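Fold and contact review
The chain contents come next:
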Amino acid sequence: MPSLIDLDPMPLAADRLLAAVEAIYDTAASPSLWPSALGKIAGCFDDAGAILQWRRDDGAFGAIASENLAPALTDYGTRWAQHDFKAERCISAGLYVSGEPFTDRHIGPIDDAYLNHPFSREFLARHGLGWFGSIGVSPDPRIIVALSVQRAFARPQFSDAELDLIATLGRHAEKSLRLSIRLLDTELANLGLGDALARIGIGVFALDSSARVLFANPVGESLLGEVFDLVNDRLRVRMVASRAPFEAAMTQTLRAEARDLLAEPRPILVESSATGRRFVIYLLPITAGALSDGHFLTRTRAIVLAIEQKSAEPPDPAIVRDILGLTLGEARIASLVGSGVPPKQAAGRLGIAEDTARNVLKRVFQKLGISRQSELAALLGRLVLRGP
C-alpha cells in the first residue's frame, strides 16, 4: 500500500486521508455516520461522492451513499438497479470478491457502446457521475460489500495510484464494518444501540482513554474468565502468548496518532487454553466527539471485538489473507477449499467461474509452496484455526 509520502503528488492532503479514516472508525458503533464518512472518503479524491453497498447470502441487499448522492441512490433503487450493466460485469468477473481495487477499464472496453449505454447517459451523467473506483471488502464471509467512489465523466478515469488509495481506505472500512454491518442488519435497525449490541453474536467491549471497560455486551461478558480478565477495570487477554500483542495494539489504538491510525489493520488471534475455542480480536479507535453528548458510549475511545472462529466453518478469509500474505480473493478460495469445499462448489458460492477458482487456487499453492489441498487444510489448521 502507498505511504503518505507516495500520496503527496495526488490531489489530496494527508489530513483528508486521516479525517476519512477517523470517520470510518466512528461508524463502528454509529452506522448512521456512514453518509458523512463516505463524504470524507470522496473528499480524498475531490470526487462526486461515495457509496457502500452490501449483499448477504440470503439475497438481502442494502446501500448507503454520501449525503450529496442521496437523490441518485433513490433514483437508482426505483428505476435503474435492473439496468446497471457495470455491476453485472463486475459480478460476472468476480471483482467484488477479488480483494483488489478496480475501475471502469477493468470491465471495459471503454467504447461508444459503453459511454452511450442508457445507464451511463441517462442515469450516471444526469446525476453528475460517470467513472467509478471500487473495492470489495469482507466484514463477514456471508456478506459481500463494495466501497465505491463516484467520479464525473468530465474528469480522468481513476489512476492506479488512486486505486491503491481506495484499497487502503477499504481495509479500514472492512475493519469498522465488523461491527457496523451487524448493526445495519434489518432485524436490528429499529433497536436502540444497547439492545442491538446485546443481540449480535460477537463480544463487544467499549473502553475509555485509560483502557477501562465502560460497557460489555452479553457475549463479551461471557468471555470474561475464559478469553479476557478484568484487572483494575482494564481488559486483559488471559493467554500469556497473546497478551503482549494485545496490549501493544491497545496502546497504539488509544494513542490515536496518525501513524497508528493509518497503519495496516491487523487482527489478534487467541485460543482459550480452557475450552480450545478460538477467537479473532479487533481493536477499533473511536474519536472524541464521534458520539453525541448523552450517548451511553460518549466516553468510548476504543471498541474491542471478539469474534469466535468455529472449527466447523471455513476460516475468515480476511484472517487467512493477513496471516498467509494472500490477496482477499485468494484467501476466499483458500478458506473454502482448505475447509474441504471442492473448487467447483467454492466457485459457485463466490459467484465466479470454476476455471477462475482453479487458477486462483494454483496461485495460492505457488505462494504457499504447497501442491495439494490436504496441505492447504493442514496449513490453515496450524496457522489460522489454532491461533498464534
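If you're wondering where the values come from, they're calculated on a predicted model, not measured in any experiment.

**Quick notes on the packing of aromatic side chains**
Within the structure shown, the criterion is met by 13 aromatic pairs. A ring pair is formed by phenylalanine 228 and phenylalanine 246, whose centres lie 6.1 Å apart and whose planes are at 55°; its orientation type is tilted. With phenylalanine 228 in strand 8 (residues 228-231) and phenylalanine 246 in helix 11 (residues 240-255), the pair connects residues that are 18 residues apart, well separated along the chain. Taken as a pair, phenylalanine 228 and phenylalanine 246 share a single burial class, namely buried. Grouping aromatic residues by their ring pairs yields a cluster made of Tyr76, Trp80, Phe85, Tyr114, Phe119 and Phe123. Here the guanidinium or amino end of arginine 151 rests over the ring plane of phenylalanine 158, the centre of that ring lying 3.9 Å away.

**Things to note about the sheet that holds strand 12 (residues 302-308)**
Read across the open sheet, the 5 strands follow the order 7-6-12-11-10; overall the sheet is antiparallel. Looking at strand neighbours, the two that pair on one side only are strand 7 (213-216) and strand 10 (268-271), the edges of this open sheet. Taken pair by pair, the neighbouring strands of this sheet meet at an average axis angle of 25°, ignoring direction. The sheet contacts of helix 11 involve strand 6 (203-207), strand 10, strand 11 (278-285) and strand 12, and relative to strand 11 the element is tilted by about 20°.

**Description of the pairing of strand 11**
Within strand 11, 8 of the 8 residues are buried, leaving the element largely enclosed by the surrounding structure. Because side chains alternate across strand 11, one face comprises the buried residues Arg278, Val280, Tyr282 and Leu284, and the other comprises Phe279, Ile281, Leu283 and Pro285, equally buried. In terms of strand pairing, strand 10 meets strand 11 through 4 bridges, oriented antiparallel. Each bridged residue has a counterpart across the sheet, and for glutamate 271 the counterpart in strand 11 is arginine 278. Linking two consecutive strands that pair antiparallel, namely strand 10 and strand 11, is a turn of 6 residues; a positive phi of about 80° is found at glycine 276 within it. As defined by bridge partners, strand 11 adjoins strand 12 across 7 bridges and the pair is classed as antiparallel.

**Comments concerning helix 15 (residues 343-350)**
Because each turn of an α-helix spans 3.6 residues, side chains separated by three or four positions in sequence point in the same direction. Within helix 15, burial applies to Pro343, Ala346, Ala347 and Leu350. Buried residues of helix 15, viewed axially, fall in a sector of 100°; they line one side. Helix 15 presents Lys344 and Gly348 as exposed residues on the side facing more than 90 degrees away from its buried surface. Just beyond helix 15, the residue with positive phi is glycine 351, at close to 75°.

**Structural notes on empty space enclosed by the protein**
Left-over empty space is what a probe sized like a water molecule reveals as it rolls over the atoms. Counted by the stated rule, this structure contains 1 cavity of 30 Å³ or more. Counted as a void, the largest cavity has a volume near 50 Å³. Looking at the largest cavity, the residues that line it are Arg171, Glu174, Lys175, Arg178, Pro265, Arg266, Tyr282, Ala318, Arg321 and Asp322. Elements represented by at least two residues in the lining of the largest cavity include exactly helix 8 (160-183) and helix 13 (317-324). Top element by residues in the lining of the largest cavity is helix 8. It accounts for 4 residues. Of the residues that constitute the lining of the largest cavity, the class distribution is 3 nonpolar, no polar and 7 charged.

**Observations regarding the nonpolar core**
Ranked by internal contacts, the top residues of the largest apolar core, which has 102 residues, are Trp34, Ile41, Leu169, Leu179, Leu197 and Leu376. For this core, the element with the most residues is helix 8, which contributes 10 residues. By size, the runner-up hydrophobic cluster in this structure holds 21 residues, among which are Leu207, Ala216, Val227 and Val237.

**What about the environment of alanine 154?**
Within the secondary structure layout, alanine 154 lies in the loop between strand 5 (143-152) and helix 8. When the C-alpha atoms of alanine 154 and glycine 77 are compared, they prove to be 25 Å apart, with 77 residues separating the residues in sequence.

**Examining the environment of serine 335**
On the secondary structure map, serine 335 appears in helix 14 (residues 328-337). A C-alpha to C-alpha distance of 7.8 Å links serine 335 and leucine 380, two positions 45 residues apart in sequence. In this structure serine 335 touches Pro314, Pro315, Pro317, Val320 and Leu380, once residues within four positions along its chain are discounted.

**Observations regarding the pattern of salt bridges**
Applying the stated rule across the entire model yields 23 salt bridges. Arginine 151 is the salt-bridge partner of glutamate 162, the closest N and O atoms lying 2.9 Å from each other. In this pair, glutamate 162 is assigned in helix 8 and arginine 151 in strand 5, connecting sequence segments 11 residues apart. In this structure glutamate 162 comes out as buried when scored by relative accessible area, which is 7%. We note a salt bridge from arginine 358 to glutamate 354, for which the minimum N-O separation is 3.1 Å. With arginine 358 and glutamate 354 both in helix 16 (residues 354-368) and 4 residues apart, the pair spans about one turn of that helix. By relative accessible area, which is 38% here, arginine 358 ends up partly exposed. Residue classification places glutamate 354 among the partly exposed residues on the basis of a relative accessible area of 29%.

Definitions and limits used
- Residues numbered from 1 in each chain as written.
- Predicted model: local features only at pLDDT ≥ 70, side-chain atom pairs only at ≥ 80, totals over all residues.
- Heavy atoms only, no water.
- Phe/Tyr/Trp six-rings, centres within 6.5 Å; stacked < 30°, edge-to-face > 60°.
- Helix = DSSP H or I, 4+ residues; strand = E, 2+ residues; numbered from the N terminus.
- Buried < 20%, exposed > 50% of the residue type's maximum accessible area, 1.4 Å probe, protein only.
- Lys NZ or Arg CZ within 6 Å of the ring centre and 35° of its normal.
- Pairing = 2+ DSSP bridges.
- Axes fitted to C-alpha atoms, helices over the stretch in contact; angles between N-to-C directions.
- Contact = heavy atoms within 4.5 Å.
- Arc of directions from axis to C-beta.
- 1 Å grid on protein atoms, 1.4 Å probe; cavity = no way out; pocket = protein on both sides within 12 Å on 5 of 7 lines; lining within 4 Å.
- Points joined across faces, edges and corners; volume = space filled by probe spheres on them.
- Nonpolar A, V, L, I, M, F, W, Y, C, P; charged D, E, K, R; others polar.
- Core = buried A, V, L, I, M, F, W, Y, C linked by side-chain atoms within 4.5 Å.
- Salt bridge = Lys/Arg side-chain N within 4 Å of Asp/Glu carboxyl O.

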